[in-house]
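Descriptive analysis of the structure
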Protein chains: 2
Amino acid sequence: MTPSRSATTTDPSDAERVIRETISRVIAGVNTLSDSGPGWTRPSYSDLESKAHALIEKEALALGLEVSRDAAGNLFARLAGQDRTAPALFTGSHLDTVSQGGAYDGQAGVAGAMALIAAFRAGNVLPPMDIVLTVTRAEESVWFPVSYIGSRAYLGKLTAEELDAKRVDTGQSLAAHMCSQGYDPEAVIATKAPDPAQFLEFHIEQGPVLHAAGEAYGLVTAIRGGLRYRSARITGQWAHSGGTPRADRADAVVAFSDLVLAMDRIWGEMQEAGDDLTVTFGRVDAATSAHAMAKVAGELEFCVDLRSTDLSVLERADSHLKTEIARIESERSGIAFSLGAQSRSRPATLSRPMAERIARGAARFGEAPRRMSSGGGHDAAAFAVAGWDSVMVFVRNWNGSHCPEEGMNEADLVRAVMAVHAALGNDWQP
Amino acid sequence: MTPSRSATTTDPSDAERVIRETISRVIAGVNTLSDSGPGWTRPSYSDLESKAHALIEKEALALGLEVSRDAAGNLFARLAGQDRTAPALFTGSHLDTVSQGGAYDGQAGVAGAMALIAAFRAGNVLPPMDIVLTVTRAEESVWFPVSYIGSRAYLGKLTAEELDAKRVDTGQSLAAHMCSQGYDPEAVIATKAPDPAQFLEFHIEQGPVLHAAGEAYGLVTAIRGGLRYRSARITGQWAHSGGTPRADRADAVVAFSDLVLAMDRIWGEMQEAGDDLTVTFGRVDAATSAHAMAKVAGELEFCVDLRSTDLSVLERADSHLKTEIARIESERSGIAFSLGAQSRSRPATLSRPMAERIARGAARFGEAPRRMSSGGGHDAAAFAVAGWDSVMVFVRNWNGSHCPEEGMNEADLVRAVMAVHAALGNDWQP
């Protein structure tokens, strides 16, 4: 039987069932693959990440898609569309997780993309252009101090220097980890940028905005970039807790607390003035074998993560950070900060036209998703920065992110995929 | 040859040489026994602590002293004096260390006591009363959450509940550790308090006061007690660093910083008002596998250590701590503190008459040691609280305490021991 040339002939209730079943099966399948809990742990370029990719490949082959991998191990599975010469719609996400992460970050985007394609297959309908299920590697930058590794490798942006970055747990380089999973770092370096096409990523919202508003999904038109110091350190003077007078102390814990409260105050002021910003000290280590209840801390290590949709805001926040550090060093004798290496990811502007088209699909179900910013970085940012038309669909999540408790109702993701499916049957091409 | 009945017949230059050589040999010998560095680590009731005791026993036997051990493994080595019925002078310290501690804390006190006895032996002179070299076990309360374990065991004060305390690194009970070193926790519980006698402890100053004043040693007439929470915890809400607005956060790191700065301010105010106090947050752990650069911290563990010579000041500082915690919990939605178990050591008043006698010995060398308080807790506090006349001699230290960098000039300890030696040849008995 020749596939119909119009998506509108798919029975919406059939599509909904296929989307629901695919989402449920894919998420459950991927989540059988994890290091010990709590939560789910699939490090970037680990055997577990590779196994998750293999599971998706199997699903894609069962749908009759054309499967390929690039030199970095990104997985692509192509469904032919009506116009094979039009820029394809790449859609997907990643399958690595932070340590002790949740059940949905990444997984839900791969499942949503697979469900979108499955709905076309089940309806025996051709989408207007090729749709390419895109499963990236190594999106979670907690493992290697490099942003969007897989998608930037595909886009020909990864540098030799970045391939030298060490994974925080193993100490092995990104290149070595790629090799150990059967991929080719030299070919990654030689990768030329592909012609820009379109990219769409379903993802749980990593904040509470949609949940608080009682909305199932929203359309993301900007992604915050980051400016980070992953291995900052304070040195002071080790001293006896009871024997050292207040005036004679150089206490790394007190100096750190001073910086945290100062930056929290500055964040409040900048936000008040209309700046888009987050400030986070997510990791604090004054708990080595040298630290003890009866000792004034002479050392402390910490991370700081600044994020904004606006590069100039990031620069200003970074400048405030350095000014506060200088103040603390001058006020607190014996205290010295070392911020260590800075890493960055660029803020990205996504495609408002793509968001408009999805909104028109949503309107067919009486839904009017809000436009919003993403606080977290996502592969969609890498595609947007590389000149692709790129958009994200956020699904509400009521229980934090990058944690075992992430909460997503699969029915919300079904509604988001239905909206995209309808949009593609509508008037997708600009 | 019959020992002379007068200590004054010892040639001071001979005594000084014996004291200097003994101090140097004992400190160097004990410091060959340590876990891997930096610094020196001999945990309480470890094999290393037992080996250090064995080394001192060998020295004591070589001096012809009468050696014994009690049920807790404290080591005693007695030199007979002129009046065998007078209350003996017990003198010594401990040989365990904090993790990655220094070369002098404890060691110097044992070496000084040994040197004092060696000087009498070398001069073939009897001290006015018996002198008992006293090497306690387990003084450093970082290992077990119990203060002055060895000395309180000897004094008949250790409770069955305290014997159940777990060592922080091994998780094994104090009783189990005593057994593993060949001692008898049941006999410790049954120990009756001995008749009070006199106790003298040489120790490095754990603060910078003597060093700053350019004084070699001082006489301690009070010891701060402590009020501690060793396993306090803050719970907040794990969240994505970039995706969670400021108003929606329950950030354990920010809440902790708030408490640290508030207590630092209160400490300043109480000190201004004349209260004797130290406030220390020496260990902060937001560095578990669940913590990451890209996550708002949903948990943080910490220690807090309050010290004062005045019990009522400790109670007021503790009350301030709880008031600040209540304020932070009410101001910061989603934040909850749990202080966990409180442990205490009592402030102790030492013997001014003993200090006077030592000062008279010091005067023979033209020295006038200051009277001062001890910020750190010491075995001398346990003896004082048990009703013994107890005193400490502090030796200047220019480089912090409970750290590998502790600095002590052995010549300063020689001067301190010389002063005590002279005092005992003078008019020691009240």
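Preceding this paragraph is the structure being described.
A quick note: this is a predicted structure, and the numbers were derived from the prediction, not measured. Along each chain, the written sequence defines residue order, and numbers are assigned to residues from 1. Chain letters and ligand numbers both follow the written order, the letters beginning at A and the numbers at 1. Local features in this predicted model are restricted to residues of pLDDT 70 or higher, and side-chain atom pairs are both shown and tallied only at a pLDDT of 80 or more, whereas totals for entire chains, interfaces and linings draw on every residue. Processing note: side-chain calculations cover all non-hydrogen atoms of the structure and skip hydrogens and water entirely.

As for the relation of the copies chain B and chain A
To be explicit about the condition: Least squares is the method used to superpose the copies, on C-alpha atoms of residues holding a pLDDT of at least 70 in both. Two residues form a contact once any of their heavy atoms are found within 4.5 Å.
Placing chain B over chain A gives an RMSD of 0.1 Å and needs a rotation angle of 180 degrees, together with 0.1 Å of translation along the axis. Taken together, these values place the two copies in the relation of a two-fold axis. The C-alpha atom lying nearest the rotation axis in chain B is that of B:Ser257; the distance is 2.1 Å. Residue by residue, 98% of the interface of chain B is reproduced at the interface of chain A, so both copies engage with the same surface.

Quick look at the pairing of strand β4 (residues 131-136) of chain A
All names here are of chain A. What counts here: Exposure categories follow from relative accessible area, calculated using a 1.4 Å probe and restricted to protein chains: below 20% of the type maximum is buried, above 50% is exposed, and the middle band is partly exposed. Every helix listed is a DSSP run of H or I at least four residues long, and every strand listed is a run of E at least two residues long, numbered separately from the N terminus. Strands are labelled as partners when DSSP assigns at least two bridges between them. Assignment of crossover handedness uses the view with strands pointing away from the viewer, where a clockwise path from the first strand over the helix to the second indicates a right-handed crossover.
Summarising burial for β4: six of the six residues are buried, a large majority. With burial as the criterion, each face of β4 is covered, one bearing Ile131, Leu133 and Val135 and the other bearing Val132, Thr134 and Thr136. Bridging between strand β2 (residues 75-79) and β4 involves five bridges; their strand directions are antiparallel. Among the inter-strand pairings, Arg78 is bridged to a residue of β4, identified as Val132. Taking the sense of rotation as the criterion, the β-α-β connection linking strand β3 (residues 89-94), helix α3 (residues 107-123) and β4 turns out right-handed.

Thoughts on the packing of aromatic side chains
When we look at a pair of aromatic rings, we describe it by the centre distance and by the angle of the planes. Basically, it comes down to this: In this analysis, rings of Phe, Tyr and Trp, with Trp reduced to its six-membered ring, are considered paired at centre separations within 6.5 Å, and the interplanar angle assigns stacked below 30 degrees, edge-to-face beyond 60, and tilted for intermediate values. Charge-over-ring contacts are defined here by two conditions on Lys NZ or Arg CZ: a distance within 6 Å of the ring centre and an angle within 35 degrees of the ring normal.
By the definition in use, this model includes 24 aromatic pairs over all chains. Taken together, a centroid distance of 4.9 Å and an interplanar angle of 80 degrees make the contact between A:Phe90 and A:Trp388 edge-to-face. Of the two residues, A:Phe90 is situated in strand β3 and A:Trp388 in the loop between α12 (379-385) and β17 (389-395); the sequence distance between them amounts to 298 residues. Residue A:Phe90 shares its accessibility class with A:Trp388, and that shared class is buried. What links up through ring pairs into an aromatic cluster is the set A:Phe76, A:Phe90, A:Tyr154, A:Phe199, A:Phe383 and A:Trp388. In this structure, A:Arg246 packs its charged tip against the face of B:Trp267, placed 5.8 Å from the ring centre.

Considering the interface of chain B and chain A
For interface size, the figure often reported is the accessible area lost on association. To keep things clear, this is the line we draw: The salt bridge criterion pairs a side-chain nitrogen of Lys or Arg with a carboxyl oxygen of Asp or Glu, the two atoms within 4 Å. All amino acids are sorted into three groups, where Ala, Val, Leu, Ile, Met, Phe, Trp, Tyr, Cys and Pro are nonpolar, Asp, Glu, Lys and Arg are charged, and the leftover types, Gly among them, are polar.
Across the contact, 64 residues belong to chain B and 63 residues belong to chain A. Taken together, the connections running from chain B to chain A amount to two salt bridges. In this structure, the salt-bridge partner of A:Asp264 is B:Arg246, at a minimum N-O distance of 3.2 Å. Listed by contribution, the elements that provide at least two residues to the side of chain B that touches chain A are β7 (225-235), β8 (239-240), α9 (252-272), β9 (278-280), β10 (284-286), β11 (295-296) and β12 (299-308) of chain B. Here the side of chain B that touches chain A takes eleven residues from α9(B), the largest share from any one element. Split into classes, the residues belonging to the side of chain B that touches chain A amount to 24 nonpolar, 25 polar and 15 charged. The pairing of strand β10 (residues 284-286) of chain A with β10(B) spans three bridges and is antiparallel. In the sheet register, A:Ala286 faces β10(B), and the bridge partner there is B:Val284.

Topic: the pattern of salt bridges
All names here are of chain A. With the rule as written, the count across this model stands at 54 salt bridges over all chains. Here Arg17 and Glu21 are joined by a salt bridge, their closest N and O atoms 3.5 Å apart. You can see Arg17 and its partner Glu21 sitting in helix α1 (residues 12-30), four residues apart, about one turn around the helix. Owing to a relative accessible area of 36%, Arg17 belongs among the partly exposed residues under this scheme. Given the relative accessible area of 40%, Glu21 is considered partly exposed. For the salt bridge of Arg344 with Glu315, the shortest nitrogen-to-oxygen distance reads 3.0 Å. In this pair, Arg344 is assigned in strand β14 (residues 342-345) and Glu315 in helix α10 (residues 311-331), connecting sequence segments 29 residues apart. Judged by relative accessible area, which is 35%, Glu315 ranks as partly exposed. Connected through salt bridges with shared partners, the residues Asp258, Arg265, Glu269, Glu324, Arg327, Glu331 and Arg332 form a single ionic network.

Comments concerning the nonpolar core
Applied cut-off: Buried Ala, Val, Leu, Ile, Met, Phe, Trp, Tyr and Cys residues that are joined via side-chain atoms within 4.5 Å together make up what is termed a nonpolar core.
Judged by nonpolar contacts, the single largest core of 71 residues is most densely connected at A:Phe281, A:Phe302, B:Phe281 and B:Phe302. In contact with B:Phe281, not counting residues within four places along its chain, are A:Val253, B:Phe256, B:Leu259, B:Val260, B:Met263, B:Phe302, B:Cys303, B:Val304 and B:Leu321. With 63 residues, the next largest nonpolar core counts B:Tyr104, B:Val110, B:Met354 and B:Met408 among its residues.

Digging into the pairing of strand β12 (residues 299-308) of chain A
In summary, the side chains of a regular strand alternate between the two faces of the sheet. Residues and elements named next belong to chain A. Burial of β12 is extensive: eight of the ten residues sit out of reach of the surface. Both strand β7 (residues 225-235) and β12 contribute to a ladder of nine bridges, which runs antiparallel. Note that in β12 the partner of Gly226 across the bridge is Arg307. Summarising the sheet, strand β9 (residues 278-280) and β12 pair through three bridges and their orientation is antiparallel. The residue of β12 that forms the bridge with Val279 is Leu306. Pairing of β10 with β12 involves two bridges; the strand directions are antiparallel. Bridge pairing in β12 places Val284 opposite Phe302.

Everything listed here is a matter of geometry and, on its own, says nothing about what the molecule does.
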